[in-house]
Amino acid sequence: MTSDQFFEPAAADERTDEVKAFFNQWHVYRTIMDHDYTGEVNAHKALRDLLIHDFPDGFSIIDLGCGDAGYMAQMLAGTSVSYYEGVDLSDVALDLARKNMEVVGCQCVFSNYDFVRNLQERESPVDVIWIGLSLHHLSSVQKEMFLAYCRSALTARGLLIIYEPMLEEGETREEFLGRCEAEIDAHWTALAPDEREAICEHVISADFPESVMTLREMGLRNGFARVESVWRNPTSLFQMIVFHASPVNPPGE
Ligand SMILES: C[S@@+](CC[C@H](N)C(=O)[O-])C[C@H]1O[C@@H](n2cnc3c(N)ncnc32)[C@H](O)[C@@H]1O
């Protein structure tokens, strides 16, 4: 059975094009997640350790480009989280996220909105902003604005935490794309050749990663006190970077 047949809609009046297009891509995305090609399992473990350590007494979090929030829900269950907000442009993703987040038991809000505008228009500050595998589609200028909006949206002890594909220091975008393509061809073997090719085409047209040093400079320019890389996946394509609003470490560190 192909993914097209599996997701054939039951009713003629469903949003068939949207649902099918989303799930045809989502099937590929889920295969990548299920085989952990992007290192999300250990990234979320590192995120969980960090949040438990830094926020023993409760925290609020917004999840930008939340997708189905599958790993996020597992990561947050049993932490001191009091408020979760998932932001995504896809209603289908948000419906899955709503269901996945039920295990967490905190107050949850889901918003179908552009994540940059969500930040720009926020009225209440949050403790944690998380963005996973979504920031690298923005241009350098847009990333700079994104960081400024994030800083304004955070509490005094707040953290922006990103998990994204990252350039090595001195690496060009073309060199990164070559590294990415070699990695996908060699290791993402649960995907069909045409699916691997489609991902490579997507990466070539839509991925604009930065180096840690560039992001650190952008972060410091836009009001963050400290920026550090806290985790990278074994192939070093992806890294987790923490932008601290406060210059001091939390008590006990
Ligand atoms: C690669 S998925 C990542 C999902 C999830 N963060 C994760 O790590 O598993 C990117 C998600 O970001 C959403 N997205 C992309 N651009 C967006 C935007 N400008 N505003 C809100 N959501 C966006 C997409 O709909 C998609 O669900």
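For the structure, check the block above.
Here we summarise the structure given alongside this text. All values reported here derive from a predicted model rather than from experimental measurement. (Residues numbered from 1 in each chain as written. Predicted model: local features only at pLDDT ≥ 70, side-chain atom pairs only at ≥ 80, totals over all residues. Heavy atoms only, no water.)

### Some points on the packing of helix α7 (residues 140-153) against helix α10 (residues 212-221)
Their axes nearest at 9 Å, the elements α7 and α10 cross at an angle of 45°. By the angle between their directions, the pair α7 and α10 is classed as oblique. The way α7 lies across α10 gives a crossing that is right-handed. In contact with Ser140, Lys143, Glu144 and Leu147 of α7, α10 contributes Leu215, Met218, Gly219 and Arg221. (Axes fitted to C-alpha atoms, helices over the stretch in contact; angles between N-to-C directions. Helix = DSSP H or I, 4+ residues; strand = E, 2+ residues; numbered from the N terminus. Parallel < 35°, antiparallel > 145°, perpendicular 65-115°, else oblique. Left-handed = near helix turned anticlockwise from the far one by under 90°. Contact = heavy atoms within 4.5 Å.)

### A short note on the pattern of salt bridges
Pairing between side chains of opposite charge can happen when the charged atoms of each approach one another. All told, the structure shown has 10 salt bridges when counted by the stated rule. Here Asp34 makes a salt bridge to Arg30, at a shortest N to O gap of 3.2 Å. Taken together, the residues Asp34 and Arg30, both in helix α2 (residues 16-34) and 4 residues apart, mark about one turn of the helix. For Arg30, a relative accessible area of 22% gives the class partly exposed. One salt bridge connects Glu210 with Lys143, and the closest N-O pair in it is separated by 2.8 Å. Within this pair, whereas Glu210 is found in the loop between α9 (193-206) and α10, its partner Lys143 is found in helix α7, the two being separated by 67 residues in sequence. An identical accessibility class is assigned to Glu210 and Lys143; each is buried. (Salt bridge = Lys/Arg side-chain N within 4 Å of Asp/Glu carboxyl O. Buried < 20%, exposed > 50% of the residue type's maximum accessible area, 1.4 Å probe, protein only.)

### As for the site of the ligand
Around the ligand sit 13 residues, and of these Tyr29, Glu40, Gly65, Asp88 and Asp114 come closest. Residue Asp114 places a side-chain N or O atom 2.8 Å away from a nitrogen atom belonging to the ligand. Note that an oxygen atom of the ligand is positioned 3.5 Å from one of the side-chain N or O atoms of Ser134. Burial of the ligand by the protein amounts to 79% of the accessible area it has alone, namely 600 Å². Applying the majority rule of atoms within 2 Å of the grid points places the ligand in the largest pocket. (Near = heavy atom within 4 Å. Polar contact = N/O pair within 3.5 Å; in protein donor to acceptor, adjacent residues only side chain to side chain. Areas by Shrake-Rupley, 256 points an atom, 1.4 Å probe, with all protein chains shown as cover. 1 Å grid on protein atoms, 1.4 Å probe; cavity = no way out; pocket = protein on both sides within 12 Å on 5 of 7 lines; lining within 4 Å. Sits in = over half its atoms within 2 Å of the grid points.)

### Digging into the side chain of Thr31
Note on placement: Thr31 falls in helix α2. Non-local contacts of Thr31, meaning those with residues more than four positions away in its chain, are made with Tyr37, Ala190 and Leu191.

### Re the layout of surface pockets
Estimated volume of the largest pocket: approximately 1300 Å³. Considering the residues around the largest pocket, the lining is formed by 50 residues, among which Tyr29, Leu133, Ser134, His137 and His202 are closest to the centre. Considering each element in turn, the lining of the largest pocket owes the most residues, 8 residues, to α2. The residue makeup of the lining of the largest pocket, split by class, is 30 nonpolar, 12 polar and 8 charged. (Points joined across faces, edges and corners; volume = space filled by probe spheres on them. Nonpolar A, V, L, I, M, F, W, Y, C, P; charged D, E, K, R; others polar.)

### Section: α9
With 14 residues, α9 extends 20 Å from end C-alpha to end C-alpha; this agrees with the ideal 20 Å at 1.5 Å per step. Turning to α9, its buried residues number three or more, namely Glu195, Arg196, Ile199, Cys200, Val203 and Ala206. Along the axis of α9, the buried residues cluster in a sector spanning 155°; they form a single face. Residues of α9 that are exposed and point more than 90 degrees away from the buried face comprise Pro193, Asp194, Glu197 and Ser205. (Expected span 1.5 Å × (residues − 1). Arc of directions from axis to C-beta.)

### Description of a negative patch on the surface
Taken together, Glu181, Asp185, Asp194, Glu197 and Glu201 make up a surface patch of like negative charges. At 3 residues, the largest contribution of residues to the negative patch is made by α9. (Patch = residues over 30% accessible without salt bridge, like charges linked within 9 Å, V, L, I, M, F, W, Y side chains within 5 Å. Lys, Arg positive; Asp, Glu negative; His and termini not counted. Charge placed at Lys NZ, Arg CZ, Asp CG, Glu CD.)

### Focus: unusual backbone geometry
Even without being a glycine, Ala69 presents a positive backbone phi close to 55°. One non-glycine residue, Leu133, lies in positive phi territory at about 55°. Mapped onto the secondary structure, Leu133 falls in the loop between β4 (126-132) and α7. On the accessibility criterion, Leu133 (14% relative accessible area) is buried.

### Details of the side chain of Asp207
Structurally, Asp207 can be placed in the loop between α9 and α10. Although Asp207 is buried, it forms no salt bridge, and the closest oppositely charged side chain is Arg173 at an N-O distance of 6.7 Å. Within the local environment of Asp207, its side chain forms a polar contact with the side chain of His136, the two groups lying 3.4 Å apart. The residues touching Asp207, leaving out its near neighbours within four places in the chain, are His136, His137, Pro165, Arg173 and His202.

### Topic: the packing of helix α8 (residues 173-187) against α9
In the contact formed by α8 and α9, the axes pass within 10 Å of each other and the chain directions differ by 165°. What the angle tells us is that α8 and α9 run roughly antiparallel. Every pair of crossing elements has a handedness; the one defined by α8 and α9 is right-handed. Taking contact as the criterion, the partners of Arg173, Leu177, Cys180, Glu181, Ile184 and Asp185 in α8 are, on α9, Arg196, Ile199, Cys200, Val203, Ile204, Ser205 and Ala206. For the contact of α8 with α9, a count of residues per class yields 8 nonpolar, 1 polar and 4 charged.

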